[in-house]
Amino acid sequence: MSRNTKGIIFSVIGGACWGLSGIMGKYLFDEKGLNAMWLVNIRLLLGGCFMLLLAFCLRKQRIFDVWKRKETAGKQLIFSIFGMGACQLSYFLAVQYSNPGTATVLQYIAPVLILLFNLAVEKRLPQILEIVVLTAVVIGVFLLSTHGNIHGLVMTRQALFWGLIAALTCAFYSIQPKSLLETFGSLETLGWGMLLGGIFLIPFVKIWKVPGIWDIQTFALMAGVISIGTVIAFGCYLQGILILGSVKGSIFGCVEPLVATIFSVILLKQKFQGMDVLGIACILTGVTALAVFGRK
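Read on for an overview of the structure. (Residues numbered from 1 in each chain as written. Predicted model: local features only at pLDDT ≥ 70, side-chain atom pairs only at ≥ 80, totals over all residues. Heavy atoms only, no water.)

**Observations concerning the overall build of the chain**
To keep things clear, this is the line we draw: In DSSP terms, a helix is any run of H or I states spanning at least four residues, a strand is any run of E spanning at least two, and both are numbered starting from the N terminus. Per-residue accessibility, obtained with a 1.4 Å probe over protein chains only, is compared with the maximum for each type, and a residue is labelled buried under 20%, exposed over 50%, and partly exposed between these values. Using a 1.4 Å probe, the Shrake-Rupley method yields the accessible areas, and only the shown protein chains count as cover for residues. Counted as positive: Lys and Arg. Counted as negative: Asp and Glu, with His and the chain ends omitted from the count. Charge placement uses NZ in Lys and CZ in Arg. For Asp and Glu, CG and CD serve respectively.
Secondary structure summary: the chain contains 13 helices and 0 strands in total. Starting at the N terminus and walking to the C terminus, you meet the elements of the chain as α-α-α-α-α-α-α-α-α-α-α-α-α. Structurally, the chain occupies a C-alpha span of about 55 × 50 × 35 Å along its principal axes. In the chain, buried positions account for 53% of the 296 residues. Within the structure as shown, the chain displays about 13500 Å² of accessible surface, and the carbon and sulfur contribution to it stands at 70%. On the chain, the mean spot of the 23 positive side-chain charges and the mean spot of the 11 negative ones are 5 Å from each other.

Now the structure itself:
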């Protein structure tokens, strides 16, 4: 199997697991009374501990190498708070205020934000294809949020706000930790990112105040959110962008909104109107065109 194929597989698995994670999270919010902030805090803490334990078994004391230099320690702290923690929290808040399909589609504006970042770094104007992609994404967000009516939103302001913040933090998450991944590997970068991101949230969340209804189903879904939606999803996604780069890796991960939308309809009985479908199509078509026809 070629290195490029491996990168694609990792990115697709990561995206699919994220999509399933959103479905499980939405069910826990609506049916079990949990909230996004508490769920994300527990998810980060437990996922981080698991990843660091696994990294320690493989690399022993080398998992602490990132803290031996101020430069790498600073990058790890920034990634933990503004990458890992912020990405997780904003996404699940968007899911809580809307649905997994809408939240993940809004989050996958991230490749376009990465494109804009690259344009700024390269100090050039967008090419025709890139202008078309940007236009398609803007139209898609407009249709999703307003259904074509400029006088009002059809989704809550909180859903739109947190969905766009999720896109911004996802873009940051895809770009910022590249040097950390290359130097220390995905296990350490991911593990420290989760653990420290979770610790940062504790004073704001007060995790000792446990919300919701707890039964076997709740525990099972929580285990799924932590293992499938956190450890496996982030591990595969980070490995994918390490191989493919931030733009291609994030785009092949676009299977997430497809998985989330399909299972939102099948399992959660969510209903999408024609304008929703058209908006989703605009966004996914735009980022897919960027992957297939765009420059590196």
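**Notes on the nonpolar core**
The tendency in soluble globular proteins is for nonpolar side chains to be buried side by side. Rules: Here, nonpolar core means buried Ala, Val, Leu, Ile, Met, Phe, Trp, Tyr and Cys residues that are tied together by side-chain atoms lying within 4.5 Å of each other. In what follows, residue pairs with any heavy atoms lying within 4.5 Å of each other are defined as contacts.
Core analysis: the biggest nonpolar cluster contains 51 residues, and M84, F92, Y173, L190 and M222 have the highest contact counts within it. Of all elements in the fold, only α1 (3-32), α2 (36-59), α3 (70-97), α7 (157-175), α8 (178-184), α9 (186-205) and α10 (216-244) reach the threshold of two or more residues within this core. Those residues in contact with F92 that lie beyond four places of it in its chain are S21, G25, F29, A36, L39, V40, R43 and V225. I109, V112, A159 and I280 belong to the second largest nonpolar core, which has 22 residues in total.

**Observations concerning the packing of aromatic side chains**
Cut-off, in case you're wondering: Paired rings are identified among Phe, Tyr and Trp, the last through its six-membered ring, by centres lying within 6.5 Å, and are further divided according to the angle between planes into stacked (under 30 degrees), edge-to-face (over 60) and tilted (the rest).
Per the stated rule, a full pass over the model turns up 9 aromatic pairs. Ring geometry for F29 against F92: centres 6.2 Å apart, planes inclined by 90°, an arrangement best described as edge-to-face. With F29 in helix α1 and F92 in helix α3, this pair connects stretches of sequence that are 63 residues apart. Of the residues examined, F29 reaches a relative accessible area of 7% and is grouped as buried. Ring centres of W38 and W214 lie 5.6 Å apart, and the angle between their planes is 70°; this geometry places the pair in the edge-to-face category. With W38 in helix α2 and W214 in the loop between α9 and α10, the pair connects residues that are 176 residues apart, well separated along the chain.

**So, the packing of α1 against α2**
Heads up, the condition is: Between the N-to-C directions of two axes lies an angle of 0 to 180 degrees, each axis being a line fitted to C-alpha atoms and, for a helix, fitted only over the stretch in contact. Orientation is classified from the angle alone, with under 35 degrees giving roughly parallel, over 145 giving roughly antiparallel, 65 to 115 giving roughly perpendicular, and any other angle giving oblique. Handedness of a crossing is defined here by the sense of rotation of the near helix relative to the far one, left-handed for an anticlockwise turn of less than a right angle and right-handed for a clockwise turn.
Between α1 and α2, whose axes approach to 10 Å, the crossing angle comes to 130°. Viewed along their axes, α1 and α2 adopt a mutual orientation that is oblique. Handedness of the α1/α2 crossing: right-handed. Contact residues: W18, S21, G25, L28 and F29 in α1; A36, L39 and R43 in α2.

**Details of the side chain of N99**
Along the chain, N99 turns up in the loop between α3 and α4 (100-107). Overall, the relative accessible area of 11% leaves N99 in the buried class.

**As for the pattern of salt bridges**
Filter applied, for reference: A pairing counts as a salt bridge when a side-chain nitrogen of Lys or Arg comes within 4 Å of a carboxyl oxygen of Asp or Glu.
Evaluation of the coordinates by the stated rule reveals 8 salt bridges. A salt bridge links K26 to D30, with the nearest nitrogen and oxygen atoms 3.6 Å apart. Separated by 4 residues within a single helix, K26 and D30 lie in helix α1, roughly one turn from each other. When the shortest N-O distance is used, the salt bridge between R69 and E71 registers 3.6 Å. Under the relative-accessibility criterion, E71 is labelled partly exposed at 49%. If you follow the salt bridges from partner to partner, you end up with R69, E71 and K75 in one network.

**Remarks on α10**
Helical geometry note: an α-helix holds 3.6 residues per turn, so side chains three or four residues apart project in the same direction. Threshold: Expected span, for any helix, means 1.5 Å times one less than how many residues it has. Bend is computed residue by residue as the angle between axes fitted to the seven residues ending at the residue and the seven residues starting at it. Counted as a polar contact is a pair of N or O atoms within 3.5 Å, where, for protein atoms, one must be capable of donating a hydrogen and the other of accepting one, and residues adjacent in sequence contribute only when both atoms are in side chains.
Helix length check: α10, at 29 residues, gives a terminal C-alpha distance of 39 Å against a target of 42 Å (1.5 Å per residue), a fit within 8%. Helix geometry: α10 is bent most strongly at A233, by close to 30°. Where α10 starts, the residue carrying a side-chain oxygen 3.1 Å from the main-chain nitrogen of Q217 turns out to be D215. Backbone geometry just downstream of α10 places G245 in the positive-phi region, at approximately 100°.

**Thoughts on a nonpolar patch on the surface**
Just so we agree on the cut-off: Each patch is built from salt-bridge-free residues with over 30% relative accessible area, joining like charges within 9 Å and nonpolar side chains (Val, Leu, Ile, Met, Phe, Trp, Tyr) within 5 Å.
The grouping of L20, L258, I262, F263, V265, I266 and L267 at the surface amounts to a nonpolar patch, some 590 Å² of accessible area in total. Ranked by the residues each element gives to the nonpolar patch, the list is headed by helix α12 (residues 255-266), at 5 residues. Along the chain, F263 turns up in helix α12. On the basis of relative accessible area, F263 is assigned to the partly exposed category, the value being 30%.

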